Number of protein chains: 2
Amino acid sequence: MIILKDKTITDVPGFTSSGIHSGLKKNKKDLCVIFSEVPATSAGVFTKNKVQAAPVVLDIETIKHEKSQAIVVNSGNANACTGEQGLENAKFMAQKTAQCLGIDEKSVLVSSTGIIGVQLPMDKISSGIEKACSSLSVDGGDDSAHAIMTTDSYTKQIAVQFEIDGKDIFIGGIAKGSGMIHPNMGTMLSFITTNISIEKDMLSNMLKDSIEDSYNMISVDGDTSTNDTVIILANGLAGNKAVSKEDDSYHKFKEALDYVNKELSKMIAADGEGATKLIEAHVLNAPSKEEAKLCAKSVITSSLVKAAFFGNNSNWGRILCALGYSGAEIVPDKVAIFFKDDSDSIQIAENGIGIDFDEDKAQKIMKSGHVIITIDLKMGDYSATAWGCDLSYDYIKVNAMYKS
Amino acid sequence: MIILKDKTITDVPGFTSSGIHSGLKKNKKDLCVIFSEVPATSAGVFTKNKVQAAPVVLDIETIKHEKSQAIVVNSGNANACTGEQGLENAKFMAQKTAQCLGIDEKSVLVSSTGIIGVQLPMDKISSGIEKACSSLSVDGGDDSAHAIMTTDSYTKQIAVQFEIDGKDIFIGGIAKGSGMIHPNMGTMLSFITTNISIEKDMLSNMLKDSIEDSYNMISVDGDTSTNDTVIILANGLAGNKAVSKEDDSYHKFKEALDYVNKELSKMIAADGEGATKLIEAHVLNAPSKEEAKLCAKSVITSSLVKAAFFGNNSNWGRILCALGYSGAEIVPDKVAIFFKDDSDSIQIAENGIGIDFDEDKAQKIMKSGHVIITIDLKMGDYSATAWGCDLSYDYIKVNAMYKS
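The structure presented is a predicted model; accordingly, all values stated were derived computationally and were not measured. (Residues numbered from 1 in each chain as written. Chains lettered and ligands numbered in written order. Predicted model: local features only at pLDDT ≥ 70, side-chain atom pairs only at ≥ 80, totals over all residues. Heavy atoms only, no water.)

Comments concerning the side chain of A:Ser75
Residue and element names in this part refer to chain A.
For step 1, the next point in the chain: Mapped onto the secondary structure, Ser75 falls in strand E4 (residues 67-77).
For step 2, the next point in the chain: Polar side-chain contacts of Ser75 include one of 3.2 Å to the side chain of Lys25.
For step 3, the next point in the chain: A polar contact of 2.7 Å, which involves the side chain of Ser75, links it to the backbone oxygen of Ala147.
For step 4, the next point in the chain: Leave out the neighbours within four places in its chain, and Ser75 touches Leu24, Lys25, Lys29, Asp30, Thr113, Ala147, Ile148, Met149 and Thr150. (Helix = DSSP H or I, 4+ residues; strand = E, 2+ residues; numbered from the N terminus. Polar contact = N/O pair within 3.5 Å; in protein donor to acceptor, adjacent residues only side chain to side chain. Contact = heavy atoms within 4.5 Å.)

So, in structure tokens, the structure goes:
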């Protein structure tokens, strides 16, 4: 598999996109369309929040159709808690996009992100969709990545390439965070394009599986949003034999898709609201996969752990405490804890008790942009990784003021 | 029932206490002893965290004895994640206190709060216990309340009086917060004294029941501590007929105890690290008690709701979102939301959708020191209340720096 530097969703053959300013936000791009030149096999995973935004309610029905050909996305307004009017507005977005592109409205998926509880300004949306559909381009991926941002400080984009049946397969992805991010999908939108040929059921199950170890293992603030959405469009233009069972092709594609989703997840965690660093919790030798996950998520979700890392405060007791209330059946007296960065590693605790360690070295590691907390439970063979970020003054600043 | 203004644990007949500086903290009181002149029926509830501090491990055994006569508490060091040595040190605290007071060590309960993972300095503890035991006084309640504080900005104390069998019954309580506070008991210590005569099983079951609607319904930061402890000592000096079944006396005492525990819980929530206001979530008409609690706790635990209240940002969508991921089976389209303070009330949402409201009035309510969010689920007959606080810059400041 080759990681394609600075490439994105429109570097996948057959996809164009655009990102424009419709007026939902003051000065920034706020609406995008992603388009496949042929109908694409589609799959999606949506928020588990009981409060589902109108576009989520609509997409859950739309995606039951075999194929989709376009995704229209706005930022600045989540179209959530907006009742019947909200659902009508989401439907209008699909209809308008279909009309501009000359395709069936049942092949258009809709996403929204931004403030909850305010109706969309449909005049702006309508003219915005016209503008976005008329500016689709094979160079439009970056514009799309910008248009879906809310409090994100940078775009999240990725593309990879590999071979199946001697055919070049591409996967591209864009995503956005960066608040209301928590296991079970944050206010997180992720759109994946690929030219592979694959059966719908295969794609759907693979996507569900893939998000479990990627988007569902990140947390910024413990809040699960109303709008979380991951959508993949597979247009089949690579011309490979359609993937229809769990064979070598399936596993090769799955591996690449997992990579794309994990990298986008890490980008979201690292760009959490106010974050100054990416924190990775790596749990080893857990008695079960589920318990490994509970432990890893509990550590990166703990406000006290997060605040300690912001202050470069090597307070490992808070990590052990978070393991203790995670719900996993751990044996505290067995736990070993290590801090690592890209170049160094230091053990902090052994058998559940602190050990003497070089505080300067611990400080150096904690001050790096990507800190790995390795937790060895010494109980079994299962492991899991979760990603989060520190909790800083700027998280408060952003969320006390910004109405998303 | 009479609420006794400015009274505390030592205003209950037969109890003395003290609070002194032992040297665990730089300049502040950090060690206290609470003493009953006669052995008292005792009950305790302790953290559900799998990682239990040494004094918690010890107390769970000690409290199985029928009676207890003293509680020794230190702040500044939690004696948690300290292994065998930690347990020996906790036992020493009981032995030393028993020796100084001339009582059995099995009648001494021990609590600690502060930094995790560091061994107690036993020389300071030892001389501190001598000092505390020699300065017991009927005026010592306030000193005790000070000595158990960590990041608390003020003491939490209360006392009430009522009659059973024509006898004057008193209940006094002191407690401390103010970080690692979350349903299932925070780094929260609470010590209750009373002169009622009551059988141990009755007292124990009543306490377990009482904490469910008080300490277990508060959250400051979502972290459940290793040291959470609520202990009650009932010395029987009131001379009432010992409460031995769920009769009128039982219910009268239970009502008073619930009041004491709820008021202490509210004080802890209001003084959460960095808090500028107390937030009360009042959930009405839920389909079950459990779901009412899930909803109330989810709202006051949400970082986004908390940050919004810090900024006086009337972002009710975050409240509905928190209900949606609470795990309760709510119907979003039925939900009504109101903001209230001591003098005003305003409806914000109806049928899950925002309604026009007077933003100035909402602002005025949000800026009060005690905001009540009333949530009507319109599904059943159950209600629940939870208490929390806003999330401010100072929470980060305290926790990035302070090693507790």
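Focus: the UniProt feature "binding site: substrate" (unreviewed entry) in chain A
Residue and element names in this part refer to chain A.
For step 1, the next point in the chain: Taken from the UniProt record, the annotation "binding site: substrate" (unreviewed entry) applies to Thr150, Lys176, Thr187, Glu273, Asn399 and Ser404.
For step 2, the next point in the chain: Its relative accessible area of 16% is what places Thr150 among the buried residues.
For step 3, the next point in the chain: Here Lys176 takes part through its side chain, which lies 3.0 Å from a polar atom of the side chain of Thr150. (UniProt positions renumbered as here; feature names shortened; annotations may be inferred. Buried < 20%, exposed > 50% of the residue type's maximum accessible area, 1.4 Å probe, protein only.)

Some remarks on the domain arrangement of chain A
Residue and element names in this part refer to chain A.
For step 1, the next point in the chain: For chain A, the assigned domains read domain 1 (2-270) and domain 2 (278-401).
For step 2, the next point in the chain: Using only C-alpha atoms to locate each centre, domain 1 and domain 2 end up separated by 31 Å.
For step 3, the next point in the chain: Where domain 1 touches domain 2, the interface holds three salt bridges.
For step 4, the next point in the chain: For the salt bridge of Lys293 with Glu212, the shortest nitrogen-to-oxygen distance reads 4.0 Å.
For step 5, the next point in the chain: Between domain 1 and domain 2 we count three residue pairs in polar contact (both at pLDDT 80 or more) in total.
For step 6, the next point in the chain: In terms of residues, the side of domain 1 that touches domain 2 owes the most to one element, helix H6 (residues 248-270), which gives four residues.
For step 7, the next point in the chain: Classifying every residue of the side of domain 1 that touches domain 2 gives six nonpolar, six polar and five charged. (Domains from an automatic or database assignment. Salt bridge = Lys/Arg side-chain N within 4 Å of Asp/Glu carboxyl O. Nonpolar A, V, L, I, M, F, W, Y, C, P; charged D, E, K, R; others polar.)

Some thoughts on H6(A)
All names here are of chain A.
For step 1, the next point in the chain: Its 23 residues give H6 an end-to-end C-alpha distance of 33 Å, which sits within 8% of 33 Å, the value for a rise of 1.5 Å per residue.
For step 2, the next point in the chain: When we look at burial in H6, the residues that qualify are Ser249, Tyr250, Phe253, Lys254, Ala256, Leu257, Val260, Asn261, Leu264, Ser265, Ile268 and Ala269.
For step 3, the next point in the chain: Looking at where H6 begins, the residue whose side-chain oxygen comes 3.3 Å from the main-chain nitrogen of Ser249 is Asp247. (Expected span 1.5 Å × (residues − 1).)

What to know about unusual backbone geometry
For step 1, the next point in the chain: Phi at A:Asn79 is positive, roughly 45°, even though this residue is not glycine.
For step 2, the next point in the chain: Relative to the assigned elements, A:Asn79 resides in the loop between E4 and helix H2 (83-101).

Quick word on the environment of A:Ile330
For step 1, the next point in the chain: Residue position: A:Ile330 is located in the loop between helix H9 (317-324) and strand E11 (336-340).
For step 2, the next point in the chain: Here the alpha-carbon distance between A:Ile330 and A:Leu377, two residues 47 residues apart in the chain, equals 7.0 Å.
For step 3, the next point in the chain: If sequence neighbours within four positions are ignored, A:Ile330 has contacts with A:Cys295, A:Leu323, A:Gly324, A:Val335, A:Leu377, A:Met379, B:Lys50 and B:Val51.

Section: the packing of helix H5 (residues 200-212) of chain A against H6(A)
Residue and element names in this part refer to chain A.
For step 1, the next point in the chain: Between H5 and H6, the shortest axis-to-axis distance is 10 Å and the interhelical angle comes to 45°. Comparing their axes, H6 and H5 come out oblique. In the crossing of H5 with H6, the sense of the turn from one axis to the other is right-handed. The residues of H6 that touch H5, namely those facing Met202, Leu203, Met206, Leu207, Asp209 and Ser210, are Tyr250, Phe253, Lys254, Leu257, Asp258 and Asn261. (Axes fitted to C-alpha atoms, helices over the stretch in contact; angles between N-to-C directions. Parallel < 35°, antiparallel > 145°, perpendicular 65-115°, else oblique. Left-handed = near helix turned anticlockwise from the far one by under 90°.)

What about the pairing of strand E2 (residues 15-20) of chain A?
For step 1, the next point in the chain: The buried count for E2(A) comes to six of six residues, which makes it a mostly enclosed element.
For step 2, the next point in the chain: By the alternation rule, side chains of E2(A) split into A:Phe15, A:Ser17 and A:Gly19 and A:Thr16, A:Ser18 and A:Ile20, which are all buried.

Side note on the packing of aromatic side chains
Residues and elements named next belong to chain A.
For step 1, the next point in the chain: What the rule picks out here adds up to four aromatic pairs over all chains.
For step 2, the next point in the chain: Taking 6.4 Å as the distance between ring centres and 35° as the angle between the ring planes, the aromatic pair formed by Phe162 and Phe253 counts as tilted. Here Phe162 is found in strand E6 (residues 156-164), whereas its partner Phe253 is found in helix H6, with 91 residues between them in sequence.
For step 3, the next point in the chain: Judged by relative accessible area, which is 7%, Phe162 ranks as buried.
For step 4, the next point in the chain: With a relative accessible area of 0%, Phe253 lands in the buried category.
For step 5, the next point in the chain: Against the face of Tyr154 rests Lys156, its NZ or CZ located 5.0 Å from the ring centre. (Phe/Tyr/Trp six-rings, centres within 6.5 Å; stacked < 30°, edge-to-face > 60°. Lys NZ or Arg CZ within 6 Å of the ring centre and 35° of its normal.)

Comments concerning the sheet that holds E11(A)
All names here are of chain A.
For step 1, the next point in the chain: What the six strands build is an open sheet, ordered E13-E12-E11-E14-E10-E15; its pairing is mixed. Of all strands in the sheet, those with a lone pairing partner are strand E13 (353-354) and strand E15 (382-389), marking the two edges.
For step 2, the next point in the chain: Bridge analysis of strand E10 (residues 278-286) against strand E14 (residues 370-376) gives seven bridges, and the strand direction is parallel. Residue pairing across strands places Val283 opposite Ile375, the latter belonging to E14.
For step 3, the next point in the chain: Strand contacts of helix H7 (residues 289-301): E10, E14 and E15, with the helix running at about 20° to E15, the strand carrying the most contacts. (Pairing = 2+ DSSP bridges.)

With respect to the sheet that holds strand E13 (residues 353-354) of chain B
Two orientations exist for strands paired in a sheet by backbone hydrogen bonds: parallel and antiparallel.
Residue and element names in this part refer to chain B.
For step 1, the next point in the chain: Spatially, the six strands line up as an open sheet ordered E13-E12-E11-E14-E10-E15, and their pairing is mixed. For this open sheet the edge positions go to E13 and strand E15 (382-389), each flanked by a neighbour on one side alone.
For step 2, the next point in the chain: Sheet topology places strand E12 (residues 345-350) next to E13; two bridges connect them, and they run antiparallel. Each residue of the ladder has a partner; that of Glu350, found in E13, is Ile353.

Describing the pattern of salt bridges
For step 1, the next point in the chain: Under the defined criterion, the tally for this structure stands at 30 salt bridges over all chains.
For step 2, the next point in the chain: Among the salt bridges present, the one from A:Lys289 reaches A:Asp213, with a minimum N-O distance of 3.9 Å. Note that A:Lys289 is positioned in helix H7 and A:Asp213 in the loop between H5 and strand E9 (229-234), a separation of 76 residues in sequence.
For step 3, the next point in the chain: Note on A:Lys289: relative accessible area 35%, which makes it partly exposed.
For step 4, the next point in the chain: With a closest N to O distance of 3.5 Å, B:Asp6 and B:Lys5 form a salt bridge.

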